[in-house]
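Residue-level structure breakdown
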Amino acid sequence: MKRPWNFAAGPSTLPLEVLQQAAAEMSDWEGSGMSVMEMSHRGRHYSRIRDEAEADLRSLLRVPDEFEVLFMHGGGSGHNAIVPMNLIGRNGRNRADYVLTGHWSRKSYNEAGRYGDISVAANAETPLDTDGRHYEAWTWIPSPDQWRVRSDAAYLHLCANETVGGVEFPELPDLAAVGAPEVPLVADISSNILSQPIDFTRVGVAYGGAQKNAGSAGVTLAFVRKDLLGHALPICPSVFDYANVAGAQSMFNTPPTYALYISGLIFKWLIRQGGVAAMQAASRRKSSTLYDYLDQSDLYANHIHPSCRSRMNVPFVLRNEALNAVFLMESEAAGLLSLKGHKSVGGMRASIYNAMPFEGVQALIAFMRDFERRHG
Ligand SMILES: *Cc1c(COP(=O)(O)O)cnc(C)c1O
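What comes next concerns the included structure. (Residues numbered from 1 in each chain as written. Predicted model: local features only at pLDDT ≥ 70, side-chain atom pairs only at ≥ 80, totals over all residues. Heavy atoms only, no water.)

As a further point, take the site of the ligand. In the vicinity of the ligand, the contacting residues are Gly75, Gly76, Ser77, Trp104, Cys159, Asn161, Thr163, Asp188, Ser190, Ser191, Gln211 and Lys212. Here an oxygen atom of the ligand sits 2.6 Å away from a polar atom, N or O, in the side chain of Ser77. Side-chain polar atom of Gln211 to an oxygen atom of the ligand: 2.8 Å apart, as the coordinates give it. For the ligand, the protein covers 85% of the area, taking 390 Å² as the surface of the free molecule. Among the elements that make up the shell around the ligand, the one with the highest residue count is helix H3 (residues 75-87) (3 residues). (Near = heavy atom within 4 Å. Polar contact = N/O pair within 3.5 Å; in protein donor to acceptor, adjacent residues only side chain to side chain. Areas by Shrake-Rupley, 256 points an atom, 1.4 Å probe, with all protein chains shown as cover. Helix = DSSP H or I, 4+ residues; strand = E, 2+ residues; numbered from the N terminus.)

Moving on: the packing of H3 against helix H4 (residues 103-112). The angle between the axes and the distance between the axes are what describe a pair of packed helices. Relative to each other, H3 and H4 sit at 45 degrees, their axes nearing to 9 Å. In terms of orientation, H3 and H4 fall into the oblique class. As for how H3 packs across H4, the hand of that crossing is right-handed. Residues Ser77, Asn80, Ala81 and Pro84 of H3 form the contact with H4, whose participating residues are Trp104, Lys107, Ser108, Glu111 and Ala112. Among the residues making up the contact of H3 with H4, the classes are represented as 4 nonpolar, 3 polar and 2 charged. (Axes fitted to C-alpha atoms, helices over the stretch in contact; angles between N-to-C directions. Parallel < 35°, antiparallel > 145°, perpendicular 65-115°, else oblique. Left-handed = near helix turned anticlockwise from the far one by under 90°. Contact = heavy atoms within 4.5 Å. Nonpolar A, V, L, I, M, F, W, Y, C, P; charged D, E, K, R; others polar.)

Below, the discussion takes up unusual backbone geometry. Backbone torsion omega between Gly10 and Pro11 reads -5 degrees, so that peptide bond is classified as cis. Phi is positive for Asn94, close to 55 degrees, though the residue is something other than glycine. With respect to the helices and strands, Asn94 occurs in the loop between H3 and strand E3 (95-100). One non-glycine residue, Asp131, lies in positive phi territory at about 50 degrees. Considering the arrangement of structural elements, one finds Asp131 in the loop between strand E5 (128-130) and strand E6 (133-135).

So this is what it looks like as structure tokens:
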């Protein structure tokens, strides 16, 4: 079966073999006589699905025992409220600091303002002039040694990969090295989860919706260091209190059962592919091949600072914007879907998550080269 290449930012492409397995099991999961979506979440079949999903996720990311793995509702955006409601009262100061690097971290910051005293530790909304080059807002990442982190902040939040802008932290910062050893780091990893290892020694909470790189929409994955449980504000809804969710093995209420089953199939697929080390190597190869092509082209360009170009989301512009519409029309006809950039950025964006093979990137480049030859 030949499918088009889907470069959507999320929900996004899934491995065909995972979709085919889900289809084969749709009306009867392993002889149970039930679809996964018809099962009791407390029954023995679903318990196995849930437990295997957690065990596989833990082994893929080598999650230390000091961390809970939670399967929650609410998406990445829900976590913009769930994080402050659970953490901001931790030390009685009701303060949290945010690093702003684009669309998603700014949204997190805006929502947090409802829960306490929120301060901006670093902001990439201002342009940067460096090494004789100019970088626009949201195309660079301020160096951690210049962040202003308050030592009594309940946490510091950042977005590890800005899905819209296409900037990614090359590594999670060590807050001890920037003078804030007591401040837990909270990272939104919605769009680069499972594409590389996570250094859990640097993390307090990491969370992400599954629909970019870890399954379908509906389930949110959260890794929470155990000492951060139990500090929720009184206004925090019970179903969003990390301590309740952890205490009930993510069954405090009915979990998004089918979405978690799909994530579980993805985890098994990832293990068969060689795990996150293999995904990291593949993502570097795919993204650097695409960036190298963009950098030598006269028609296309990517404007992100080279130190923080995303391995997952590659925005690019056509220097002749009058060609945008025909580019999108012809690319779709060529079997390359969803290349239109986010409305706030314009241009194009190719999202190349784990499920996008190198072959898909090669097909994209072949099309772009041909398009440039015909229209450039
Ligand atoms: C998509 C995305 C979100 C929002 O996810 P929802 O599940 O739609 O709430 C948050 N952060 C990042 C980095 C994302 O890519």
